[in-house]
Amino acid sequence: LYADDVVLLAETPAAAQSLLDCLALFCRLFGMEVNLAPEKTCMMVFRRPRKRLPRGLSLTYMGRDVPIVDSYKYLGIIFSATKGLVPAADALAASASRAMHAVLRRLRRLRITQLDLKCRLFDTMVESILSYGSHVWGPELFASKLRNSPLDTGAERVHLAYLKDAVGLGSGVCSKVLLRDLHRLPVMFHWVLLAVRWWNKLRGLAPVDDDRPASSVAYHAWKADVALMCDGCN
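Criteria and cut-off values
- Residues numbered from 1 in each chain as written.
- Predicted model: local features only at pLDDT ≥ 70, side-chain atom pairs only at ≥ 80, totals over all residues.
- Heavy atoms only, no water.
- Patch = residues over 30% accessible without salt bridge, like charges linked within 9 Å, V, L, I, M, F, W, Y side chains within 5 Å.
- Areas by Shrake-Rupley, 256 points an atom, 1.4 Å probe, with all protein chains shown as cover.
- Salt bridge = Lys/Arg side-chain N within 4 Å of Asp/Glu carboxyl O.
- Helix = DSSP H or I, 4+ residues; strand = E, 2+ residues; numbered from the N terminus.
- Buried < 20%, exposed > 50% of the residue type's maximum accessible area, 1.4 Å probe, protein only.
- Axes fitted to C-alpha atoms, helices over the stretch in contact; angles between N-to-C directions.
- Parallel < 35°, antiparallel > 145°, perpendicular 65-115°, else oblique.
- Contact = heavy atoms within 4.5 Å.
- Nonpolar A, V, L, I, M, F, W, Y, C, P; charged D, E, K, R; others polar.
- Core = buried A, V, L, I, M, F, W, Y, C linked by side-chain atoms within 4.5 Å.

K.L.:
Can you break down a nonpolar patch on the surface residue by residue, with the values?
P.N.:
A contiguous nonpolar patch, built from Leu25, Phe26, Leu29, Phe30 and Met32 and spanning about 550 Å² of accessible area, is present on the exposed surface. Tracing the backbone through its elements, the reader meets Met32 in the loop between α1 (13–30) and β1 (60–61). Take Met32: its relative accessible area is 47%, and that puts it in the partly exposed class.

K.L.:
Just give me the short version of the packing of helix α8 (residues 187–203) against helix α9 (residues 217–230), but keep the residues and values in it.
P.N.:
Two elements in contact, α8 and α9, have axes whose closest approach is 9 Å; the angle formed by their N-to-C orientations is 110°. If you check the angle between α8 and α9, you find them roughly perpendicular. Here Trp198, Trp199, Leu202 and Arg203 of α8 lie close against α9, whose contacting residues are Ala218, Tyr219 and Trp222. Residues that form the contact of α8 with α9 fall into these classes: 6 nonpolar, no polar and 1 charged.

K.L.:
Mind laying out the nonpolar core, listing which residues take part and the relevant values?
P.N.:
Val126, Leu130, Trp137, Val158, Tyr162, Leu163 and Trp191 are the most contacted members of the largest nonpolar core, which has 33 residues in total. Every residue in contact with Val126, bar those within four places of it in the chain, is listed here: Ala96, Ala99, Met100, Val103, Leu121 and Val158. Counting residues in each nonpolar core, the second largest holds 10 residues, with Ala16, Leu23, Ala24 and Cys27 among its members.

Structure below.
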């Protein structure tokens with residue numbers, strides 16, 4: 001639950017239908033309604049790529065069929081049925097690219113030339129879009145790219161395009177030299193920092209003693225994820 005958004009998670013169709021029935025009962029009791037527009041109320045089946053949906057899968061809410069979708073945006077982050085959180089970064093990079101061009105137009109209109117100010121504006125108005133929710137989806141990307149290819153992301157292409165425009169260089173300039181000369185790090189390094197801060201915050205929610213167990217759902221979910229990883233789950 002977040003404001004007026006609700007997500008129901010289940011491991012089987014029967015459990016999902018039970019949750020929908022509980023939601024319907026709750027809404028009847030408290031005089032609330034669910035927006036049943038297909039883009040608002042739908043279901044997504046997380047599965048491996050090329051794996052088919054279960055045969056005969058059908059869920060209903062108050063007698064109406066709930067449509068099946070391959071992707072869904074929740075709290076500004078795109079979730080994919082077969083690609084996990086990978087599309088989230090690309091979608092944010094597209095939004096950040098539009099913001100980047102708007103910032104550059106504004107800089108030219110106001111005749112702002114100070115490089116340090118240009119970089120600060122990027123961090124405030126563009127990089128914040130690139131890193132939105134990265135403590136959730138970032139680890140899936142930087143776990144595979146951080147060591148060998150941190151520049152091979154849509155986010156970094158936006159970052160480098162902005163820097164090249166800010167200093168008046170062409171597209172052929174060496175990206176690594178540009179970052180070094182401007183004392184900048186790839187955007188992915190900021191994702192790592194945000195993720196570690198989040199993990200440390202979750203670790204701080206651990207129970208102090210047996211008489212006061214941890215009550216945070218986020219802590220228990222994180223602890224379960226760590227246990228799955230330690231058991232060999234990717």
